[in-house]
Amino acid sequence: MVFTPSKLLLTVDLAGTLLFAIEGALAAVAANLDLFGVMVLAFATALVGGIIRDVLIGAVPPASLRDWRYPAAAFAGGAIVFFLHPLIRQVPASVIITLDAAALALFAVAGTEKALVYKMHPLVAALLGTITGVGGGTVRDVLLAQVPAVLRADIYASAALAGAIVMIVATKLRLPPTLAAILGGFVCFSLRVISVWQHWSLPQAVGS
Amino acid sequence: MVFTPSKLLLTVDLAGTLLFAIEGALAAVAANLDLFGVMVLAFATALVGGIIRDVLIGAVPPASLRDWRYPAAAFAGGAIVFFLHPLIRQVPASVIITLDAAALALFAVAGTEKALVYKMHPLVAALLGTITGVGGGTVRDVLLAQVPAVLRADIYASAALAGAIVMIVATKLRLPPTLAAILGGFVCFSLRVISVWQHWSLPQAVGS
Amino acid sequence: MVFTPSKLLLTVDLAGTLLFAIEGALAAVAANLDLFGVMVLAFATALVGGIIRDVLIGAVPPASLRDWRYPAAAFAGGAIVFFLHPLIRQVPASVIITLDAAALALFAVAGTEKALVYKMHPLVAALLGTITGVGGGTVRDVLLAQVPAVLRADIYASAALAGAIVMIVATKLRLPPTLAAILGGFVCFSLRVISVWQHWSLPQAVGS
């Protein structure tokens with residue numbers, strides 16, 4: 001059982017990989033890591049979420065290690081930041097947040113779909129879609145010896161989870177797969193962008 | 001080769017999962033994480049030990065992702081803490097330590113047995129049983145950017161290891177599997193409870 | 001497809017495992033961990049790099065869990081440090097750095113070769129060889145709640161990567177496998193030793 005995205009999907013997927021890699025590399029530069037550290041954080045942020053998903057569903061070697069274009073896109077993101085980061089830092093935060101939300105939606109939806117293809121239970125598929133979206137950023141923060149940002153009060157992982165759930169419900173309602181994916185991605189993207197714009201956050205525990 | 005615990009074992013296993021999840025969620029609340037962070041730490045503490053074991057022995061997808069009741073139990077533990085943690089915090093420490101020791105014994109014994117079923121070397125099976133018991137708590141601490149508690153001076157992981165070893169020796173002596181499991185679990189549980197009660201700890205290196 | 005190193009290779013491999021374990025255990029003692037913590041860091045530093053590689057290429061159970069001599073060598077390293085670390089600390093730094101460079105070269109070359117045997121793309125094989133060499137030390141540092149040393153400015157992981165690339169190029173040029181491995185190992189070892197001696201380091205990002 002091979003998972004072969006179409007050419008359009010591949011292009012979009014590589015663009016998301018490049019973007020996540022750029023964000024990981026920016027965090028590495030901010031932490032004064034060297035060239036190797038920048039490349040590792042670019043790679044980890046962009047690809048580790050999907051690698052964890054593939055290891056857990058038994059799809060090894062993971063897709064991003066079977067197709068050299070994924071690591072190449074990740075390292076390209078690292079190199080762009082390494083040489084051009086004074087330029088990259090001038091990109092307005094709103095642009096980065098919007099692009100990041102798009103990449104998050106893409107990764108969450110693609111991860112959920114792949115988990116469904118591998119016959120995972122819908123609840124588990126939603127979890128694996130979320131891990132695909134936020135796993136890389138979590139590992140990036142662990143490597144920087146920080147509590148992962150996704151665990152703090154912010155609508156990020158929960159946007160990915162909401163998108164994954166919407167996609168699964170739409171699939172169960174027998175909507176066409178493409179429509180289900182678009183709906184899920186739209187929910188994740190909108191929720192993320194609106195939450196930043198409106199300063200929404202998740203509640204903390206009662207009485208804490 | 002499928003690992004199908006009986007109904008009683010499943011119930012006990014889910015109870016252990018719920019308890020570990022509650023402990024992980026309490027750590028998340030103490031660290032001011034949001035709802036999503038509480039759920040992630042509940043899930044990680046309860047299930048990641050077994051997931052690591054299953055990935056290493058080649059039993060993918062891991063048992064806790066093939067049966068939706070395991071993530072459901074973990075998230076139930078997270079929700080209980082999220083909404084009721086002022087109540088939960090009034091549970092006496094001695095009760096929590098005793099229940100935790102029981103869950104540790106259960107996980108260590110079940111993990112060792114599964115590794116033996118998958119034909120691992122006894123030394124490796126004991127390691128995998130220990131990882132099943134303490135892996136989740138280790139990942140929880142890493143996510144909180146802390147040195148894992150199990151690596152510090154305390155009889156916790158070593159109780160799990162002792163239980164695993166007793167179980168393996170009993171199996172080699174051809175005792176019935178159920179008896180071997182009960183013996184191993186009893187050693188792990190007693191060692192943990194007595195060590196807390198008597199303030200035992202493991203030695204640090206000579207001359208350090 | 002089984003990966004069976006010859007007796008000489010096995011001996012060298014176990015020696016490298018022992019050495020990496022000793023280094024991991026020294027870090028654990030310096031962080032005041034207890035006996036169990038020393039053993040975990042010895043095991044993780046020596047074997048986790050190869051375990052990650054094996055999980056990613058689908059070679060589970062990992063080689064170091066299928067052959068009990070690998071964990072035994074790792075725990076022997078932990079025990080040596082635990083009982084004799086005042087002696088071990090008197091070993092001159094230059095000796096440790098030279099032996100460590102040799103172990104790094106060995107692990108990087110062996111990891112690259114195994115990835116090639118499993119038909120990974122050359123770029124990916126070089127990455128997996130590097131992970132084999134530095135993955136254990138990275139996990140050690142994460143368990144100590146520190147930013148991994150390999151991500152900071154130093155020629156270490158990059159020496160492993162250079163050795164892996166040289167080995168792959170030599171293989172593509174149809175040199176005999178043994179010669180390719182020796183060339184790659186020699187480049188890794190020399191680069192590491194010379195860089196320490198000459199205080200070389202990798203650049204940080206432009207303008208940071």
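Residues numbered from 1 in each chain as written. Chains lettered and ligands numbered in written order. Predicted model: local features only at pLDDT ≥ 70, side-chain atom pairs only at ≥ 80, totals over all residues. Heavy atoms only, no water.

Peer 1: Just to check I follow, could you spell out the relation of the copies chain C and chain B for this structure?
Peer 2: Between the two copies of the chain lies a rotation about an axis combined with a shift along it. For the pair chain C and chain B, the relating rotation is 120°, the translation along its axis is 0.0 Å, and the fit reaches an RMSD of 0.0 Å. One copy is carried onto the other by what is essentially a three-fold rotation axis. Considering only C-alpha atoms, the part of chain C nearest the rotation axis is Ala145(C), at 3.3 Å. Mapped onto chain B, only 10% of the interface residues of chain C are again interface residues, and the two copies thus contact each other with different surfaces. (Least-squares fit on C-alpha atoms with pLDDT ≥ 70 in both. Contact = heavy atoms within 4.5 Å.)

Peer 1: Please clarify how the interface of chain A and chain C should be interpreted in this entry.
Peer 2: By a frequent convention, interface size equals the accessible area lost on bringing the separate parts together. Tallying the contact residues gives 29 residues for chain A and 31 residues for chain C. Summed over both partners, the interface of chain A with chain C comes to about 2300 Å²; 75% of that surface belongs to carbon and sulfur atoms. Three residues stand out in chain A for area buried against chain C, namely Asp34(A), Phe36(A) and Leu65(A), and they jointly supply 27% of the buried area on that side. At the boundary of chain A with chain C, the tally comes to zero salt bridges. The interface formed by chain A and chain C holds four residue pairs in polar contact (both at pLDDT 80 or more) in total. Mapped by element, the contributors of at least two residues to the side of chain A that touches chain C are α2 (35–57), α4 (69–88) and α6 (122–143) of chain A. (Buried area = accessible area lost by both parts, 1.4 Å probe. Salt bridge = Lys/Arg side-chain N within 4 Å of Asp/Glu carboxyl O. Polar contact = N/O pair within 3.5 Å; in protein donor to acceptor, adjacent residues only side chain to side chain. Helix = DSSP H or I, 4+ residues; strand = E, 2+ residues; numbered from the N terminus.)

Peer 1: Would you mind going over the relation of the copies chain A and chain C with me for this structure?
Peer 2: Placing chain A over chain C gives an RMSD of 0.0 Å and needs a rotation angle of 120°, together with 0.0 Å of translation along the axis. The two copies present different faces, since only 10% of the interface residues in chain A are matched by interface residues at the equivalent positions in chain C.

Peer 1: Would you explain a nonpolar patch on the surface in this entry?
Peer 2: All names here are of chain A. Taken together, Phe83, Leu84 and Leu87 make up a surface patch of nonpolar side chains, about 310 Å² in accessible area. The topology assignment puts Leu84 in helix α4. Assessed through its relative accessible area of 40%, Leu84 is described here as partly exposed. (Patch = residues over 30% accessible without salt bridge, like charges linked within 9 Å, V, L, I, M, F, W, Y side chains within 5 Å. Areas by Shrake-Rupley, 256 points an atom, 1.4 Å probe, with all protein chains shown as cover. Buried < 20%, exposed > 50% of the residue type's maximum accessible area, 1.4 Å probe, protein only.)

Peer 1: Got a minute to help me understand the packing of helix α1 (residues 7–30) of chain B against helix α5 (residues 93–117) of chain B in this structure?
Peer 2: Relative placement of two packed helices is described by the angle separating their axes and the distance separating the axes. All names here are of chain B. It is the contact of α1 with α5, at a shortest axis distance of 9 Å, that shows an interaxial angle of 125°. In terms of orientation, α1 lies oblique with respect to α5. Relative to α5, the crossing made by α1 is left-handed. For the pair formed by α1 and α5, the contact residues are Val12, Asp13, Gly16, Thr17, Leu19, Phe20 and Glu23 on the first element and Leu99, Asp100, Ala103, Leu104, Leu106 and Phe107 on the second. (Axes fitted to C-alpha atoms, helices over the stretch in contact; angles between N-to-C directions. Parallel < 35°, antiparallel > 145°, perpendicular 65-115°, else oblique. Left-handed = near helix turned anticlockwise from the far one by under 90°.)

Peer 1: I'm lost on the pattern of salt bridges in this one. Help?
Peer 2: Pairing between side chains of opposite charge can happen when the charged atoms of each approach one another. Applying the stated rule across the entire model yields 15 salt bridges over all chains. Asp54(A) is the salt-bridge partner of Lys114(A), the closest N and O atoms lying 3.1 Å from each other. Separated by 60 residues along the polypeptide, Lys114(A) in helix α5 (residues 93–117) and Asp54(A) in helix α2 bring together distant segments of the chain. Here Lys114(A) and Asp54(A) have matching classes, each one buried. Arg192(B) serves as the salt-bridge partner of Asp154(B), at 3.4 Å between the closest nitrogen and oxygen.

Peer 1: I keep staring at the interface of chain C and chain B and nothing clicks. Help me out?
Peer 2: Taken together, the contacts link 29 residues of chain C with 31 residues of chain B. For the pairing of chain C and chain B, the buried interface totals around 2300 Å² over both sides, and the portion due to carbon and sulfur atoms is 75%. On inspection of chain C and its partner chain B, the count reaches zero salt bridges. Counting every contact that joins chain C to chain B gives four residue pairs in polar contact (both at pLDDT 80 or more). Mapped onto the side of chain C that touches chain B, the elements with two or more residues apiece are α2 (35–57), α4 (69–88) and α6 (122–143) of chain C. Per element, the largest residue contribution to the side of chain C that touches chain B is eight residues, and it comes from α2(C). Split into classes, the residues belonging to the side of chain C that touches chain B amount to 24 nonpolar, three polar and two charged. (Nonpolar A, V, L, I, M, F, W, Y, C, P; charged D, E, K, R; others polar.)

Peer 1: What should I look at first to understand the confidence of the model for chain A in this one?
Peer 2: Predicted coordinates in areas of low pLDDT are best not read in detail. Across chain A, the average pLDDT comes to 91, with 96% of residues at or above 70. In the predicted complex, the global pTM is 0.92; the interface-specific ipTM is 0.89. (pLDDT = per-residue confidence, 0-100.)

Peer 1: Any chance you could explain the nonpolar core here in plain terms?
Peer 2: Core analysis: the biggest nonpolar cluster contains 190 residues, and Leu128(A), Phe43(B), Leu128(B) and Leu128(C) have the highest contact counts within it. At 14 residues, helix α2 (residues 35–57) of chain B tops the list of elements feeding residues into this core. Contacts of Leu128(C), omitting those with residues within four sequence positions, involve Leu65(A), Arg53(C), Leu56(C), Ile57(C), Ala115(C) and Met120(C). (Core = buried A, V, L, I, M, F, W, Y, C linked by side-chain atoms within 4.5 Å.)

Peer 1: Please clarify how the environment of Ile165(C) should be interpreted in this entry.
Peer 2: Residues and elements named next belong to chain C. You can see Ile165 is positioned in helix α7 (residues 157–172). Here Ile165 falls in the partly exposed class, since its relative accessible area comes to 42%. Taking the C-alpha atoms as reference points, Ile165 and Val187, separated by 22 residues in sequence, lie 9.7 Å from one another.

Peer 1: Help me understand the packing of aromatic side chains, please; the structure alone is not making it clear to me.
Peer 2: Remark: the centre distance and the inter-plane angle together describe each pair of aromatic rings, the angle taken between the planes. Residues and elements named next belong to chain A. Going through the model one piece at a time under the given rule, you end up with nine aromatic pairs over all chains. An angle of 40° between the planes, with centres 4.8 Å apart, marks the rings of Phe20 and Phe107 as tilted. Taken together, the residues span a long stretch of sequence, with Phe20 in helix α1 (residues 7–30) and Phe107 in helix α5 at a distance of 87 residues. Owing to a relative accessible area of 6%, Phe107 belongs among the buried residues under this scheme. (Phe/Tyr/Trp six-rings, centres within 6.5 Å; stacked < 30°, edge-to-face > 60°.)

Peer 1: What's the story with unusual backbone geometry in this structure? I'm lost.
Peer 2: Backbone geometry follows two general trends: most residues other than glycine have a negative phi, and most peptide bonds adopt the trans configuration. Residues and elements named next belong to chain A. Here the bond from Val60 into Pro61 is cis, since omega is -5°, no more than 30 degrees from zero. When you line up the elements, Pro61 lands in the loop between α2 and α3 (63–66). Even without being glycine, Ala145 reaches a positive phi, approximately 60°. Here Ala145 shows up in the loop between α6 and α7 (157–172). For His199, which is not glycine, the phi dihedral falls at a positive 55°. Tracing the backbone through its elements, the reader meets His199 in the segment after α8 (177–197). For His199, a relative accessible area of 72% translates into the label exposed.

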